[in-house]
Amino acid sequence: MRIDLPNSNEFKKILCDLTKKTIDYKINGISTDSRNIKENDLYIAIKGEKFDGNEFTKDALNRGASFAIVHQIQNEKIERQFLNSNPIGLISEIATIWRDRFNIPVIGITGSNGKTSTKELLKHILSAKFDIHATEENFNTSISLPLTLLQITKYHGASIIEMGANQPGDIQKLCNITKPTHGLITNIAPAHLEGFKNIETIASTKGALFKSLKDGISFVNEADKRVSSISFEGKKITYGVSSNCDYPTDIHNENDGTLSLTIDTHELKIKSSNLSFAKNIIACCAVAKELQVEWDAIEDRIHTFTPPKGRCEVKNNGSYIIIDDSYNANLESTLAALDYLNAFSGRGNKIFILGDMLELGTSSENQHREIAKKCNDININAIMTYGTETKITNKYVKESIYKKHFDNQSQLCEELKEIANKNDKILIKGSRGMKMENIVESLMGI
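In this report, we go over the structure that sits alongside the text.

Cut-offs and rules
- Residues numbered from 1 in each chain as written.
- Predicted model: local features only at pLDDT ≥ 70, side-chain atom pairs only at ≥ 80, totals over all residues.
- Heavy atoms only, no water.
- Helix = DSSP H or I, 4+ residues; strand = E, 2+ residues; numbered from the N terminus.
- Buried < 20%, exposed > 50% of the residue type's maximum accessible area, 1.4 Å probe, protein only.
- Contact = heavy atoms within 4.5 Å.
- Phe/Tyr/Trp six-rings, centres within 6.5 Å; stacked < 30°, edge-to-face > 60°.
- Lys NZ or Arg CZ within 6 Å of the ring centre and 35° of its normal.
- Pairing = 2+ DSSP bridges.
- Axes fitted to C-alpha atoms, helices over the stretch in contact; angles between N-to-C directions.
- Salt bridge = Lys/Arg side-chain N within 4 Å of Asp/Glu carboxyl O.
- Expected span 1.5 Å × (residues − 1).
- Arc of directions from axis to C-beta.
- Core = buried A, V, L, I, M, F, W, Y, C linked by side-chain atoms within 4.5 Å.
- Polar contact = N/O pair within 3.5 Å; in protein donor to acceptor, adjacent residues only side chain to side chain.
- Parallel < 35°, antiparallel > 145°, perpendicular 65-115°, else oblique.
- Left-handed = near helix turned anticlockwise from the far one by under 90°.
- Nonpolar A, V, L, I, M, F, W, Y, C, P; charged D, E, K, R; others polar.

## Side note on the overall build of the chain
- Across its full length, the chain carries 17 helices and 20 strands.
- Its C-alpha atoms give the chain principal-axis dimensions of about 70 × 50 × 40 Å.
- Every one of the 446 residues in the chain was classed for burial, and the buried ones make up 55%.
- Residue pairs in contact within the chain that sit at least 24 positions apart in sequence constitute 60% of those at least 6 positions apart.

## Things to note about the packing of aromatic side chains
- Applying the stated criterion across every chain, the model contains 6 aromatic pairs.
- Where Tyr 25 meets Phe 82, the ring centres are 6.4 Å apart and the plane angle is 55°; that geometry is what we call tilted. Of this pair, Tyr 25 sits in the loop between helix H1 (8-19) and strand E2 (29-31) while Phe 82 is found in strand E5 (residues 81-83), placing the two residues 57 residues apart along the sequence.
- Residue classification places Tyr 25 among the partly exposed positions, given a relative accessible area of 31%.
- Residue classification places Phe 82 among the buried positions, given a relative accessible area of 15%.
- The rings of Tyr 25, Phe 67 and Phe 82 are connected pair by pair, giving a single aromatic cluster.
- The ring of Phe 82 carries the charged tip of Lys 21 above its face, separated from the ring centre by 5.4 Å.

## Concerning the sheet that holds E2
- Read from one edge of the open sheet, 5 strands run E1-E2-E3-E4-E5, paired in mixed fashion. The sheet terminates laterally at strand E1 (2-4) and E5, the two strands that pair on one side only. Direction aside, the axes of adjacent strands within the sheet are offset by 20° on average.
- Of the pairings in the sheet, the one linking strand E3 (residues 41-44) to strand E4 (residues 67-70) comprises 3 bridges and is parallel in character.

## Digging into the pattern of salt bridges
- Inspection of every chain in the model, using the stated rule, returns 20 salt bridges.
- Glu 365 is the salt-bridge partner of Arg 369, the closest N and O atoms lying 3.2 Å from each other. Of this pair, Arg 369 and Glu 365 are both found in helix H14 (residues 364-377), 4 residues apart, which corresponds to roughly one turn of the helix.
- In this structure Glu 365 comes out as partly exposed when scored by relative accessible area, which is 41%.
- Taken together, the salt bridges that share partners define one network made up of Arg 2, Asp 4 and Asp 41.

## Details of the pairing of strand E12 (residues 247-253)
- Direction of pairing for strand E11 (residues 235-240) relative to E12: parallel, over a ladder of 2 bridges. Each bridged residue has a counterpart across the sheet, and for Gly 240 the counterpart in E12 is Pro 248.
- With 5 bridges connecting them, E12 and strand E13 (residues 259-263) associate as antiparallel partners. From the neighbouring strand, His 252 faces E13, where its bridge partner is Ser 260.

## Some thoughts on H14
- Taking 1.5 Å of rise per residue, 14 residues should cover 20 Å, and H14 covers 20 Å from first to last C-alpha, within 8% of that figure.
- Residues of H14 that are buried include every one of Ser 364, Gln 367, His 368, Ile 371, Ala 372, Lys 374 and Cys 375, and no others. One face of H14 carries all of its buried residues, which in axial projection span an arc of 160°.

## Description of the nonpolar core
- Counting 49 residues, the largest nonpolar core has Phe 11, Leu 15, Ile 30 and Leu 150 as the members making the most contacts within it.
- Listed by contribution, the elements that provide at least two residues to this core are H1, E3, E4, helix H3 (87-99), helix H5 (144-149), helix H6 (170-178), helix H8 (199-206) and helix H9 (208-211).
- The element that contributes the greatest number of residues to this core is H3, accounting for 5 residues.
- Beyond its immediate stretch of four places on either side in the chain, Ile 30 contacts Met 1, Arg 2, Ile 3, Leu 5, Phe 11, Asp 41, Leu 42, Ile 44, Leu 147 and Leu 150.

## Here we look at helix H11 (residues 275-290)
- The end-to-end C-alpha distance of H11, which contains 16 residues, comes to 23 Å, matching closely the 22 Å that a straight helix rising 1.5 Å per residue would cover.
- Counting buried positions over the 16 residues of H11 gives 12, a clear majority of the element.
- Every buried residue of H11 is listed here: Phe 277, Ala 278, Asn 280, Ile 281, Ile 282, Ala 283, Cys 284, Cys 285, Ala 286, Val 287, Ala 288 and Lys 289.
- The N-terminus of H11 is capped by Asn 274, whose side-chain oxygen sits 3.0 Å from the backbone nitrogen of Ser 276.

## Focus on the environment of Leu 18
- Structurally, the position occupied by Leu 18 is in helix H1.
- For Leu 18, a relative accessible area of 29% corresponds to the partly exposed category.
- Taking the C-alpha atoms as reference, Leu 18 lies 63 Å from Ile 419; in sequence the two are 401 residues apart.
- With residues near it in sequence (within four places) discarded, Leu 18 still touches Leu 90, Glu 93, Ile 94 and Ile 97.

## Focus: the packing of helix H4 (residues 115-126) against H11
- Interaxial distance between H4 and H11 falls to 9 Å at its minimum, and their mutual angle equals 45°. For the element pair H4 / H11, the angle class is oblique. The way H4 lies across H11 gives a crossing that is right-handed. Across the interface between the two elements, Ser 117, Thr 118, Leu 121, Leu 122, Ile 125 and Leu 126 of H4 pack against Phe 277, Asn 280, Ile 281, Cys 284, Val 287 and Ala 288 of H11.
- When its residues are assigned to classes, the contact of H4 with H11 shows 9 nonpolar, 3 polar and no charged.

## Considering the environment of Tyr 247
- Position of Tyr 247 relative to the elements: it lies in strand E12.
- C-alpha of Tyr 247 to C-alpha of Lys 429: the two residues are 182 residues apart in sequence and 32 Å apart in space.
- Contacts of Tyr 247, omitting those with residues within four sequence positions, involve Ile 237, Thr 238, Tyr 239, Gly 240, Ile 263, Asp 264, Ala 286, Lys 289 and Glu 290.
- Side chain to side chain, Tyr 247 and Glu 290 meet in a polar contact 2.6 Å long.

## Remarks on the side chain of Lys 403
- Tracing the chain through its elements places Lys 403 in strand E19 (residues 402-406).
- If sequence neighbours within four positions are ignored, Lys 403 has contacts with Ile 383, Asn 394, Lys 395, Val 397 and Lys 398.

So, in structure tokens, the structure goes:
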């Protein structure tokens, strides 16, 4: 990751105060990747599971970095190295000090599914009133989130921070740095089970966001039992398909197959049949209204919103419709994507392309079997699977549905182009590591 620093002098002053060093070098930006270095960047050498950033210090300096913060000096002959036993901790400490300078709403978003989509939609809506600072892409970890915070300026009216978690305690650490004033947990589902072992640990980890809001507002999804059962501190605002919410919602099916919402007596025609998108809208409306955004502005922003790349993007290559949901996958998001595919009307077959859902641990077989059960229950015509774990899905899909498993994407694409006809709808889904976007690009002729 790399960022430009909006206020280099102030950043350098904090860095000097914390390290007790005099720093005469320019700092225009910060990078944790030597390949992304620009002139006068500060290079942060991070030790990961598969690599050690210290090994690329010389390369970063040769590419124009002004200096590097390293946790171990491997070559004394390399100049402009500052030794610090915990570079990530140092940047986190600077980011916390930086965040404390701004008295603005800071909205933390976490959850098992839909974090990035919800963040992008909320950013688009709140931009009707505020100059918004927000997490870029999915830079939501203990490494990338502090860098995101360092881009807040005095011109921003609100900040939206996406928080990811791969193991217990992650969200609490991010809350300690971010100090959110508002918190939204989209949902809690069995994702990243390798790091958490069970759904209860996931709920406890995500719930740290609500527990950090002693003086803030927790936005509680009443439609998710695990979210609504989390204990919280401070004020609570509820939303969901229930009459007992602060923002009660009814979802209606229009004659053309699209959905409309009635949220707290206000009607919204969303011009989409995507139920997941509808649920994101409900959450974002609750936050936006509490921040005094008018309904007319909210509706206008919803109608002009474009989903992030690879998240239920509907594309047309001139022959058939491609539903690009290739960015990531777990059980709940895949089931929702299948409902979206099933809701399409008109001529043509419905084809599902599935890559492995990863990081599910011992639950992988059962969850891939659940996908097969869903395919059997809805009206799809074909399923093509790719990877290792999806062999289970292929095995349990009923024989009346055309099904075939592939060990490589090239063969899958070749066969798909042979069987796909005009007006077909093709859903593409899989975990990030499966690179399912390659299949989308092949179909689009990119």
